[in-house]
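Spelled out from the first residue to the last, the chains are:
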Amino acid sequence: MDTSGMYVGLDIGTTSIKVIVAEYLEGQLNVLGVGNERAAGLSRGVIVDIDKASEAIKRAVKAAEEKASIQIHDVIVGISANMLKIEPVTGMIAIGDQAREITDQDVRDVASAAIIQNLPPEREIINLVPDEFIVDGFDGIKDPRSMVGVRLEMNGMLFTGPKTIVHNTKKAVEQAGLNAQLAVVSPIAQGLSILSDGEQDFGTILLDLGGGQSTAAVIHDHRLKFAEVDPEGGDYITKDISVVLNTSIENAEKLKRNYGYADSSRASEDNQFPVDVVGQSRPSDISEKYLAEIIEARLMQILEKLKTQLTATNALSLPGGIVLTGGVAALPGITDLTQDVFDVPVRVSIPDQMGLRHPSFTQALSLVNYRGQMSEVALLVQSALAGNDQLVSQIDSQPEPQQSVEVNDSRHTKPAQSRTDKPKKQRGQGIKKFFTEFFD
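Source: prediction; values computed, not measured.

Participant: Talk me through the sheet that holds strand β19 (residues 322–325); I want residue IDs and the actual numbers.
Facilitator: Strand order in the open sheet formed by five strands is β16-β15-β14-β19-β20, with mixed pairing between adjacent strands. Two strands bound the open sheet, and with one partner strand each, they are β16 (223–230) and β20 (346–348). Here the average twist between neighbouring strands, direction ignored, is 20°. Looking at chain direction, strand β14 (residues 204–209) and β19 are connected through four bridges and run parallel. Opposite Leu206, over in β19, you have Val323 as the bridge partner. Most of the contacts of helix α4 (residues 186–194) go to β14, to which it runs at about 120°, and overall it touches β14, β15 (214–220), β16, β19 and β20. Strands β14, β15 and β16 of the sheet are contacted by helix α8 (residues 288–312), whose axis makes an angle of about 140° with β16.

As structure tokens, then:
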């Protein structure tokens, strides 16, 4: 199915907000404009100040609009996997007393039937993903439209999250003057976009190492099966550097980006650089290795906690290994460190688009790619959720059921490390020293 169109991905991160305008044409993604602004109003991946967050979103959108020479109104926004709940659902409807062709409305009705349940007041539905449709007992159907039957069933997966997180995200987008055309659980979009068909099928672990939090997600049988969030990320590494070296947060962030290594064994003791220390008139020299040991200590703590959760689900036995993404994944040596902790194959996913070759852009690109690959049936099912009337109007505006889903209308836009075998290193001594001395 042709899903050509122009889409806008909005990644609301703890440290930065990224907006990507891209054209999806014949399966190819062409980036037209990018906005990347410092985030505000977020803590550990969650919006805590809607006003500040909306202003930061506006700045990022404006930058993307200027580069793409379009006006942005509709966006696809990512929702973090904090306290995500995944459960199978089933819906069934009667087509009629006599057999007739199944329509778009029937698909929406059976999806609505699947989500009729008593949700706790503190939770909200984010995504409904269909697995199969069943027409008069015949299962394994991906698109039941135009088939003849008297009974239609749907089996799918329902993803719900804390109402506070979902509401605050959508409210900040709305307050920024935008329409959240589609909300997607972030690991779902990433899994579809950065994993190969084999990795999605046989099973792979996605580790998104962001600034405010770290997310471990398990993709198996082309579905998101598990997600766990650790409320520590790159910001904690920066704070550790600041505390240990007695320097400002700004200086600590620059040190991490310019001289940081995730694996201390790859850093040099001889390579030294000056650090502005609070209370001293002259900078102090520290070694590259000393800085790497600070970074490694915090990363080991994050990875070990995620490993405990993944081990409990038996995810580490999946053949796909681990795929790293997120801003922290750009640190040199992160692949070796992760392999030492998990003892499975590890690779880093980096976008191949010019100017976006950094793991921190993966999420925003994944949102656009996910929307571009959505089938009409998936859109119909998602439109059954409250607040997705626009998806219905887009599908209904098509002259034929099987034609492409256009979103490039006047309301939406204005055209314009490979693994190296080596014995495991003993990292415990450096870690214990830093956390004992500075974080007891």
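Participant: With reference to specific residues and values, describe the layout of surface pockets.
Facilitator: Think of a ball as big as a water molecule: rolled over the atoms, this probe shows where empty space is left. Looking at the second largest pocket, its volume works out to about 750 Å³. Secondary structure elements with two or more residues in the lining of the second largest pocket: β9 (123–135), β12 (151–162), α4, β16, α10 (362–373) and α11 (376–382). Element by element, the count of residues in the lining of the second largest pocket is highest for β9, at seven residues. Across the lining of the second largest pocket, the residue classes break down as 14 nonpolar, seven polar and five charged.

Participant: Describe in detail the pattern of salt bridges, supporting the description with residues and values.
Facilitator: Following the criterion strictly, the structure yields 16 salt bridges and no others. For Lys58, the salt bridge identified is with Glu55, shortest N-O distance 3.4 Å. Here Glu55 and Lys58 lie together in helix α1 (residues 50–68), a separation of three residues that amounts to about one turn. Look at Lys58 and you get partly exposed, because its relative accessible area is 35%. A relative accessible area of 38% places Glu55 in the partly exposed class. Between Glu253 and Arg257 there is a salt bridge, and its shortest N-O distance comes to 2.7 Å. Here the residue Glu253 and the residue Arg257 both occupy positions in helix α7 (residues 249–259), the gap between them amounting to four residues, near one helical turn. Ionic contacts of the salt-bridge type, sharing partners, join the residues Asp230, Glu232, Asp240, Arg298 and Lys305 into one network.

Participant: Explain the confidence of the model for the protein to me, and be specific about the residues and the numbers.
Facilitator: Put simply, the protein has an average pLDDT of 88, and 87% of its residues get 70 or more. Note that pLDDT drops below 50 for residues 397–422; the model gives that stretch 72 contacts with residues more than four away or on any other chain.

What counts and what doesn't
As a convention, each chain's residues are numbered from 1 in the sequence order in which they are written. In view of the model being predicted, local features appear only for residues whose pLDDT reaches at least 70, and side-chain atom pairs are presented and counted only at 80 or more, with totals across whole chains, interfaces and linings using the full set of residues. The basis for every side-chain value is the complete set of heavy atoms in the structure, and neither hydrogens nor water enter the calculation. Any two strands with at least two DSSP bridges between them are considered paired. A run of DSSP states H or I qualifies as a helix once it reaches four residues; a run of E qualifies as a strand once it reaches two. Both are numbered from the N-terminal end. Only the stretch in contact is used when fitting a helix axis, every axis being a line fitted to C-alpha atoms; angles between N-to-C directions are given from 0 to 180 degrees. In what follows, residue pairs with any heavy atoms lying within 4.5 Å of each other are defined as contacts. Put simply, the grid is 1 Å and covers the protein atoms alone, a cavity is a trapped set of points that fit a 1.4 Å probe, a pocket is an open set with protein on both sides within 12 Å along at least five of seven lines, and lining residues have an atom within 4 Å of a point. Grid points are joined across faces, edges and corners, and a volume is the space filled by probe spheres set on the points. Ten residues, namely Ala, Val, Leu, Ile, Met, Phe, Trp, Tyr, Cys and Pro, are considered nonpolar, four, namely Asp, Glu, Lys and Arg, are considered charged, and the remaining ones, Gly among them, are considered polar. Take a side-chain nitrogen of Lys or Arg and a carboxyl oxygen of Asp or Glu: if they are within 4 Å of each other, that pair is a salt bridge. Each residue is placed in one exposure class: buried if its accessible area under a 1.4 Å probe, protein chains only, is under 20% of its type's maximum, exposed if it is over 50%, and partly exposed if it falls in between. The pLDDT value expresses, per residue, how confident the predictor is, ranging between 0 and 100.

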